[in-house]
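Analysis of the macromolecular model
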Amino acid sequence: MDPFDAGAGGLLRQPKAVWATAGASVVAFMGIGLVDPILPSITQGLDATAGQVSLLFTSYFLITAFAMLVTGFVSSRIGGRRTLLLGLALVVVFAGLAGTSDTVGQLVGYRAGWGLGNALFVSTALAVIVGAAAGGSAAAILLYESALGLGMACGPLLGALLGGASWRYPFFGTAALMAIGFLGITVFLKEQPKPARRTSLLDPLKALGHGGLASVAASAFFYNYTFFTVLAFTPFVLDMTPYASGAVFFAWGLLLAVFSVLVAPRLQRRFGSLKVLGGSLLLLAADVLVLGYGGHTTAVVCTILSGTFIGVNNTVYTELALGVSDAPRPVASAGYNFVRWFAAAAAPFFAPRIEEWTDIHVPFVVAAVTAVLGAVVVAVRREALTHEAAETEPRHAAEDGVTVFAN
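Residues numbered from 1 in each chain as written. Predicted model: local features only at pLDDT ≥ 70, side-chain atom pairs only at ≥ 80, totals over all residues. Heavy atoms only, no water.

Let us look at the overall build of the chain. Counting its regular elements, the chain contains 16 helices and 0 strands. Relative to its full complement of 407 residues, the chain shows a buried share of 58%. Sequence-distant contacts, at least 24 apart, represent 86% of the contacts inside the chain between residues at least 6 apart. Per element, the accessible surface of the chain, about 15,000 Å² overall, is 68% carbon and sulfur. (Helix = DSSP H or I, 4+ residues; strand = E, 2+ residues; numbered from the N terminus. Buried < 20%, exposed > 50% of the residue type's maximum accessible area, 1.4 Å probe, protein only. Contact = heavy atoms within 4.5 Å. Areas by Shrake-Rupley, 256 points an atom, 1.4 Å probe, with all protein chains shown as cover.)

Dropping the structure here:
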C-alpha cells in the first residue's frame, strides 16, 4: 500500500484520533527548539549569562532522560490515552509558568517540569497513533515522522515570531497550543488496550545488558553531544535577531526532516546502515569544526547544513536501537533514550563553560571529537551491530522507506 494513497487507510484518510494525536505531536516536538531564537533575548531579559540560560536545555533533557524509565511503567498501568493527557497537562502548566518567570532559576525549573510532560507524551504518541490508525502502520508511522520533522522545523520559527515581541510569548503560545491538543485528544481519542505485561522501572536498564543495544546507546551518546552543541550553543555564536535565528533553524529543521524521512532510507538500501552512519558522523564532525572556525556566513551555512547529517543519523540510530536486541521495542527505546538524552543535557551545560575556560572555537572542537567517537564506537562494535544492519534493507523495502523515531 502506498502510504500517500488517499484511499482507505492512506495517509490522508486517517481517523480524527490519529490527526489529533499527530497535531499535538507537532507542538510537542516544537518545544525542543522553541527557545533557540530567543536565548539571547532571555539572557538580556533576565540579566543572565549564556551558561545560565543554556540550562533551559539541560534541565529539560535531564528530566527527559530519567522520565524514559517511567513512561513505560506509567502507560502500561493507566493506558496510552491517559498518559498522553497527563503529559499534555504538565506541558500546559509548566510552559505557561515558564512565561511568568522572573529569574532564570524559575525558568530552568519550569522547563524541567515541561520536559517530564513532553517525555510522557512523545514516548506514548507513536504507539497510540499506530494503534488508532486505519489500514496498517505504514501511513501512521509516516504521519508521526512528518509531525516530528514539522515540529523540529517550526519550533524555532514560532519562537522567533512570538519572541520578537517578548521572550515570554513563545511559552504562552506553546501552552495555548498544547491546551488545544489536550482538548482534541480528549474528544477524539478513545482509550487504547493496555499491554498484556506491565513494564517495570528496571526493564529499560536490563535491556542495556545486550551488547548491541549498549553499543548503539554509547555511540548515540557521543553523537547527541554534538547534536545539542549545535542546537543549544550555536544561537549564542550566531548572535542574530530572533527572526534571523528562527529562519536559520527553520531551514535546519526542514533539512533534518527531509533527510530523516526521505533520504536516509535510500542511502541505507544502497550502502548499508553502518557505512551510512559512520560516514554521516564523520561529515557532521567536519561540519561543526568548520562552523566553529569559519566566519559568520560560514557558521550560518554550516548550521543549516548540519540538519542533513543529523536527520540521517536520527533515522539510522533509531532503527539500530529498535532492532539490534530481542527486547520489546518500547523497552529497548526507553533504555537507548535514557542513555543518549544525558548527552543532550550535558552539551548545553558544558559548551558555554568550555568557551569561558578557553575560547569560542573549542566547544566546536569538542563537538567534532564526540562525533568522531560515535563513529569509532560503530566501527569497533561493528560485529555486534551487523545483524541489525543486515536486516535494515529488507525492512526498508517492506516499509517503503518509512522509519520510526524512538522517543
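Compared with the 34 Å implied by 1.5 Å per residue over 24 residues, the 32 Å span of helix α4 (residues 55-78) between its first and last C-alpha is a close match. At Ala-67, α4 shows its strongest bend, of approximately 45 degrees. Of the residues one or two after α4, Gly-79 is the one with positive phi, at around 95 degrees. (Expected span 1.5 Å × (residues − 1). Bend = angle between axes of the 7 residues up to and from the residue.)

On to the environment of Thr-58, then. Note that Thr-58 resides in helix α4. Remark: the alpha-carbon pair of Thr-58 and Ala-345, spanning 287 residues in sequence, is separated by 4.0 Å. When sequence neighbours within four positions are dropped, the list of residues in contact with Thr-58 reads Ala-345, Pro-348 and Phe-349.

Turning to the pattern of salt bridges, a few remarks are in order. Under the definition given, this model contains 1 salt bridge. We note a salt bridge from Arg-168 to Asp-102, for which the minimum N-O separation is 3.9 Å. With Arg-168 in the loop between α7 (137-163) and α8 (169-188) and Asp-102 in the loop between α5 (80-98) and α6 (104-132), the pair connects residues that are 66 residues apart, well separated along the chain. We classify Asp-102 as exposed; its relative accessible area is 57%. (Salt bridge = Lys/Arg side-chain N within 4 Å of Asp/Glu carboxyl O.)

Moving on, we get to the packing of aromatic side chains. Going through the model one piece at a time under the given rule, you end up with 19 aromatic pairs. Arranged with centres 6.0 Å apart and planes meeting at 70 degrees, the rings of Phe-66 and Phe-338 form a pair that is edge-to-face. Of this pair, Phe-66 sits in helix α4 while Phe-338 is found in helix α14 (residues 329-357), placing the two residues 272 residues apart along the sequence. Given a relative accessible area of 13%, Phe-338 falls into the buried group. (Phe/Tyr/Trp six-rings, centres within 6.5 Å; stacked < 30°, edge-to-face > 60°.)

Our focus in this paragraph is the nonpolar core. By size, the foremost hydrophobic cluster in this structure holds 115 residues, and its most contacted members are Ile-42, Phe-61, Phe-121, Phe-171, Ile-185, Phe-228 and Trp-252. If you tally residues by element for this core, the top one is helix α10 (residues 211-238), at 14 residues. (Core = buried A, V, L, I, M, F, W, Y, C linked by side-chain atoms within 4.5 Å.)

What follows covers the packing of α10 against helix α13 (residues 296-323). The packing of two helices is summarised by the inter-axis angle and the distance between the axes. It is the contact of α10 with α13, at a shortest axis distance of 10 Å, that shows an interaxial angle of 155 degrees. Overall, the two elements α10 and α13 adopt an arrangement that is roughly antiparallel. Relative to α13, the crossing made by α10 is left-handed. Within the contact between the two elements, α10 uses Leu-213, Val-216, Ser-219, Ala-220, Tyr-223, Phe-227, Val-230, Thr-234 and Leu-238 and α13 uses His-296, Ala-299, Val-300, Thr-303, Ser-306, Ile-310, Asn-313, Asn-314, Tyr-317, Leu-320 and Ala-321. Per-class residue counts for the contact of α10 with α13 are 13 nonpolar, 7 polar and no charged. (Axes fitted to C-alpha atoms, helices over the stretch in contact; angles between N-to-C directions. Parallel < 35°, antiparallel > 145°, perpendicular 65-115°, else oblique. Left-handed = near helix turned anticlockwise from the far one by under 90°. Nonpolar A, V, L, I, M, F, W, Y, C, P; charged D, E, K, R; others polar.)

Positionally, Gly-31 belongs in helix α1 (residues 16-33). Between the alpha carbons of Gly-31 and Gly-159 there is a distance of 9.2 Å; along the sequence they are 128 residues apart. The residues contacting Gly-31, other than those within four sequence positions of it, are Tyr-60, Arg-111 and Trp-114.

Here the focus is the side chain of Thr-229. Considering the arrangement of structural elements, one finds Thr-229 in helix α10. When sequence neighbours within four positions are dropped, the list of residues in contact with Thr-229 reads Thr-234, Ala-347, Ala-351, Pro-363 and Ala-367.

Here we come to unusual backbone geometry. Outside of glycine, negative phi angles account for most residues, and trans bonds account for most peptide bonds. Although it is not a glycine, Asp-47 adopts a positive phi angle of roughly 50 degrees. Tracing the backbone shows Asp-47 in the loop between α2 (39-45) and α3 (50-53). A relative accessible area of 72% places Asp-47 in the exposed class. A positive phi angle, close to 50 degrees, is found at Asp-239, a residue other than glycine. Relative to the helices and strands, Asp-239 resides in the loop between α10 and α11 (242-271).

Moving on, we get to a nonpolar patch on the surface. Together, Val-70, Leu-201, Leu-202 and Leu-205 line one region of the surface with nonpolar side chains, adding up to about 310 Å² of accessible area. Mapped onto the secondary structure, Leu-205 falls in helix α9 (residues 203-207). (Patch = residues over 30% accessible without salt bridge, like charges linked within 9 Å, V, L, I, M, F, W, Y side chains within 5 Å.)

Our focus in this paragraph is the packing of α10 against helix α15 (residues 362-380). Running from amino to carboxyl end, α10 crosses α15 at an angle of 160 degrees, the nearest separation of the two axes being 8 Å. Taken as axis vectors, α10 and α15 run roughly antiparallel relative to one another. Judged by the sense of rotation from one axis to the other, the crossing of α10 with α15 is left-handed. When α10 is examined against α15, the residues Ser-215, Ala-218, Ser-219, Phe-222, Tyr-223, Tyr-225, Thr-226, Thr-229, Phe-233, Thr-234 and Val-237 are found in contact with a partner set consisting of Pro-363, Phe-364, Val-366, Ala-367, Thr-370, Ala-371, Leu-373, Gly-374, Val-377 and Val-378. In terms of residue class, the contact of α10 with α15 is made up of 14 nonpolar, 7 polar and no charged.

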